[in-house]
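Breakdown of the fold
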Amino acid sequence: MISTLRHFVVDSWIGRLIALLIFLAFVGWGVGDMLGKYNEAQVDSVVTVATRRISAEELERSIRNQLPAVAQQMGLTDPSQLTPAMRREVAQGVLQRLLAQKEVLALADRNGMKVPDALVRNEIFGYRVFQGTDGRFDRKIFDAKLRQLGLQEKPFLDSVRDDLGARDLLEGLGKTMVVPASVLDKLLAYNTRQFRTDLLRIDSDGVTIPTAPEEAQLRRFYDNHQAQYRSAEYRHAKIVLLSAESVARGLTVPDAQLRQIYDFESAKYNVPETRDIEVLTVQNRDAAEALATTWKANADWEAIQKANPSAASVAFPHAREIDIPSPELAKAAFASAANSVIGPIQTPTGWVVFRVTAITPPHKTDFDQAKAEIRDEVARSQAPQLLAQRFASLQDAIAGSADLEQVPTDLGAVPAQGSLDAQGLTKDGEVAPLPGDDATRKAIIARIFSQKQGEKPTLINGPANSGFAVLVDSIEPGHVKPYESVREQVGHDWLKAQQMRLADERATAIMLAARKSGGLEKAVAGTTDAAAMQKDLPISRMQNGGLPSALLSEIFATKPGKTAMIAVGDALYVFTVTGTEAASPESTKALRENMQGQLEQTIQGDVPTVFVHSLESEFKPVPNMPVLQQVMSSVAGQQ
């Protein structure tokens, strides 16, 4: 397991420079006063950590570059749609990540650890964004990229040096960790030790009851188990729910705006022919011809990939012709029939064999057809930022409404009312049509059955930033159903109880006989149960045949030579543990290697996390509260 710390301290902002903009989104180091909010006369350190500091520019730039990704994850089109609370939460997360990295770098400074210039140079030379067409570092491209982003060379080099220092220190700590052989041996022995077991299962459903019950027996059973025949308590409640979904449902978006979005995304609504294509690429023609022959004989895509691990495989789902990077491949793919293996075809990257698995004809969605979908998308993106504003209005409306009847309809709140039980079912046994998703429904039901009848409603914070209020206006208590109305159910329950009683008596007799005779096998010898008994089952914590967990726990707790029984559901199990033995090294070799790899990954990932936490007491951050508050207020939209 790669630890979360390693992701955000070591890998997150550099990402091997997949794109320089992503790199700079998390770095922000060495950047000049690009925001123009902090002049040189102002002390702009947000936090000082020993020899390191986080500047206001660094923190603000890092936060602002993180916001678009967060907005996208939440389905928003613009970071401005994030609420102040969300933006502040993002800001706090970025600050914590920067603090962790500064603590590691402060430790490196104290111990005289410095990344050599040669390593910094090699790192930068390896960034593809600074390389020319020949694949080598190009100084002109390097200078142009820095000018484009407003960066100076020295601060940029320092940021790369710091990243290398923190990364190598933490990776070095993790990679030195190994799982002690003694620990691995004990874990392996515990999980693979086999309990040889003789096992007999007795199903109560198969037990025959010799005589039908008399009416007096059924009535007595009913009297002794009245809790089983009690009707549910029903509560009638009024509900009002405000959520992003309910707000979005009530928003009106002008047709002009919808038309503008439709025109902007015309490629989405005017789709040319697309094809699903599977492609394999090899470096010589002979190998490609052999691959094509094999593929034609066995059309399974996964099988052909496994059989040709040296071939580069790629699938293009719903690809347009312009999406295919190779013109030769694109032309051939869009000229071939479906489900035919084609090739080999020579391309600049090698010899290609491909198959078109599906062809979707071109289609156009006109504005009238697309309008509802676009409106829903726009409304969903606008709703979260409107939600916080409408909470205050809803709270005021609820405070002035004893019966929830005076809630304005233009808030986007959804009203509902009806009777239901604690499981959310109506009297007809149907799921009550409560508003909201499953988590919100559960929260509303819990509130209905915890709130007193007639209690004044209040706004409750629900899941996913929703809010709701409940008024319980009547309660219908549960009651014991008359015997005549449940007689059929009583008869069924009586039968099940008798079957279970007789099965238990039989299992108990077998268990006692087994304990007396020296094992289950001897106890059932010569009886019909001998054929049903499973003899000498090898059961371990890794391989247990899918037996019930309660039964397994009982088996693992039983000493060799002992017999026990347990009821699980409608079945009873009688078993004797005949012996235990360790699994052979040969049978556990693969498991040992797998377990060792997983444990080492976990330890190697967790050690850096623990290490950085330990630095918090050694390098205590010294905050500059006025500047920190100014940055936080700025990014949260609270000036």
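Here we summarise the structure given alongside this text.

The rules behind the values
- Residues numbered from 1 in each chain as written.
- Predicted model: local features only at pLDDT ≥ 70, side-chain atom pairs only at ≥ 80, totals over all residues.
- Heavy atoms only, no water.
- Helix = DSSP H or I, 4+ residues; strand = E, 2+ residues; numbered from the N terminus.
- Rg over C-alpha atoms; globule rule 2.2 N^0.38 Å.
- Buried < 20%, exposed > 50% of the residue type's maximum accessible area, 1.4 Å probe, protein only.
- Contact = heavy atoms within 4.5 Å.
- Areas by Shrake-Rupley, 256 points an atom, 1.4 Å probe, with all protein chains shown as cover.
- Lys, Arg positive; Asp, Glu negative; His and termini not counted.
- Charge placed at Lys NZ, Arg CZ, Asp CG, Glu CD.
- Axes fitted to C-alpha atoms, helices over the stretch in contact; angles between N-to-C directions.
- Parallel < 35°, antiparallel > 145°, perpendicular 65-115°, else oblique.
- Nonpolar A, V, L, I, M, F, W, Y, C, P; charged D, E, K, R; others polar.
- Core = buried A, V, L, I, M, F, W, Y, C linked by side-chain atoms within 4.5 Å.
- Pairing = 2+ DSSP bridges.
- Salt bridge = Lys/Arg side-chain N within 4 Å of Asp/Glu carboxyl O.
- Phe/Tyr/Trp six-rings, centres within 6.5 Å; stacked < 30°, edge-to-face > 60°.
- Lys NZ or Arg CZ within 6 Å of the ring centre and 35° of its normal.

1. Regarding the overall build of the chain
Counting secondary structure elements, the chain contains 23 helices and 17 strands. Over its C-alpha atoms the chain spans a radius of gyration of 35 Å, topping by over 25% the 26 Å that the globule rule assigns to 639 residues. C-alpha atoms of the chain, sized along the principal axes, occupy 100 × 75 × 70 Å. By residue count, 41% of the 639 residues in the chain fall in the buried class. A separation of at least 24 residues holds for 73% of the contacts in the chain among residues at least 6 apart in sequence. Accessible surface, the chain as shown: approximately 34,900 Å² in total, 53% of it carbon and sulfur. Positive and negative side-chain charges in the chain, numbering 69 and 78 respectively, have mean positions lying 4 Å apart.

2. So, unusual backbone geometry
Peptide bonds are mostly trans, and most non-glycine residues show a negative phi. Here the bond from Gly343 into Pro344 is cis, since omega is 10°, no more than 30 degrees from zero. Structurally, Pro344 is set in strand E8 (residues 341-347). Positive phi values are uncommon outside glycine, yet Asn339 reaches one of about 65°. For Asn339, the location among the structural elements is in the loop between helix H15 (327-333) and E8. For Asp536, which is not glycine, the phi torsion reads 55° and is therefore positive. Looking at the secondary structure, you find Asp536 in strand E14 (residues 534-539). Since its relative accessible area comes to 36%, Asp536 is described here as partly exposed.

3. Focus: the packing of helix H11 (residues 255-264) against helix H16 (residues 367-399)
Where H11 contacts H16, the axes come no closer than 9 Å and their chain directions differ by 100°. With respect to their mutual orientation, H11 and H16 come out roughly perpendicular. Contact residues: H11 offers Asp255, Gln257, Leu258, Arg259, Ile261 and Tyr262, while H16 offers Phe367, Ala370, Lys371, Ile374, Arg375, Val378 and Gln382. Of the residues in the contact of H11 with H16, the class split is 7 nonpolar, 2 polar and 4 charged.

4. Observations regarding the nonpolar core
Val46, Leu59, Ile63 and Leu95 are the most contacted members of the largest nonpolar core, which has 35 residues in total. Mapped by element, the contributors of at least two residues to this core are strand E1 (45-49), helix H3 (56-73), helix H4 (84-110), helix H7 (153-175), helix H22 (589-618) and helix H23 (625-635). Ranked by residue count, the leading element in this core is H4, at 12 residues. Ile63 has contacts with Ala91, Val94, Val631 and Val635, leaving out every residue within four places of it along the chain. Counting 19 residues, the second-largest nonpolar core is a separate cluster that includes Ala379, Leu387, Val407 and Ala413.

5. Some words on the pairing of strand E16 (residues 571-581)
Burial analysis of E16 places 8 of its 11 residues in the buried class, the great majority of the element. Both strand E3 (residues 194-203) and E16 contribute to a ladder of 10 bridges, which runs antiparallel. What sits directly across from Leu200, in E16, is Val574. In sequence, strand E15 (residues 563-568) turns back onto E16 through a hairpin of 2 residues, with Gly569 there showing a positive phi of about 65°.

6. Side note on the pattern of salt bridges
Scanning all chains against the criterion turns up 30 salt bridges. Across the pair Asp203 and Arg201 runs a salt bridge whose closest N-O atoms are separated by 2.7 Å. For Asp203, a relative accessible area of 37% puts it in the partly exposed group. A relative accessible area of 45% means that Arg201 is categorised as partly exposed. Salt-bridge contacts for Glu215 lead to Arg487; the nearest nitrogen and oxygen are separated by 2.8 Å. Here the residue Glu215 occupies a position in helix H9 (residues 215-224), and Arg487 occupies one in helix H18 (residues 483-517), the gap between them amounting to 272 residues. Arg487 sits in the partly exposed class, given a relative accessible area of 36%.

7. What about the environment of Pro68?
Within the secondary structure, Pro68 sits in helix H3. On the basis of relative accessible area, Pro68 is assigned to the partly exposed category, the value being 38%. As for Pro68 and Arg110, which are separated by 42 residues in sequence, their C-alpha atoms are 36 Å apart.

8. Some details on the sheet that holds strand E13 (residues 467-476)
Reading across from one edge, E11-E4-E13-E12 is the order of the 4 strands in this open sheet, with antiparallel pairing throughout. In this open sheet, the two strands that pair with only one neighbour each are strand E11 (414-420) and strand E12 (460-461). In terms of strand pairing, strand E4 (residues 234-242) meets E11 through 7 bridges, oriented antiparallel. The partner of Lys238 across the bridge, within E11, is Gln417. Along the sheet, helix H17 (residues 438-448) contacts E4, E11, E12 and E13; its crossing angle with E13, the most-contacted strand, is approximately 45°.

9. Structural notes on the side chain of Ser231
You can see Ser231 is positioned in the loop between H9 and E4. Given a relative accessible area of 16%, Ser231 falls into the buried group.

10. A closer look at the packing of aromatic side chains
Counted under the stated rule, the structure contains 12 aromatic pairs. Ring centres of Phe125 and Phe137 lie 4.3 Å apart, and the angle between their planes is 20°; on these two criteria the pair is classed as stacked. You can see Phe125 sitting in helix H5 (residues 117-125) and its partner Phe137 sitting in the loop between H5 and helix H6 (139-148), a full 12 residues away along the chain. For the ring pair Tyr222 and Tyr483, a centre distance of 5.4 Å and an interplane angle of 70° mean the geometry is edge-to-face. Highlighted residues: Tyr222 in helix H9 and Tyr483 in helix H18, separated in sequence by 261 residues. Tyr222 sits in the buried class, given a relative accessible area of 9%. Judged by its relative accessible area of 4%, Tyr483 falls in the buried class. Among the aromatic residues, those joined into a cluster by ring pairs are Phe125, Tyr127, Phe130, Phe137, Phe142 and Phe156. The lysine or arginine in question, Arg541, covers the ring of Phe556, its NZ or CZ lying 4.3 Å from the ring centre.

Without other data, these values stay purely geometric and don't point to any function.
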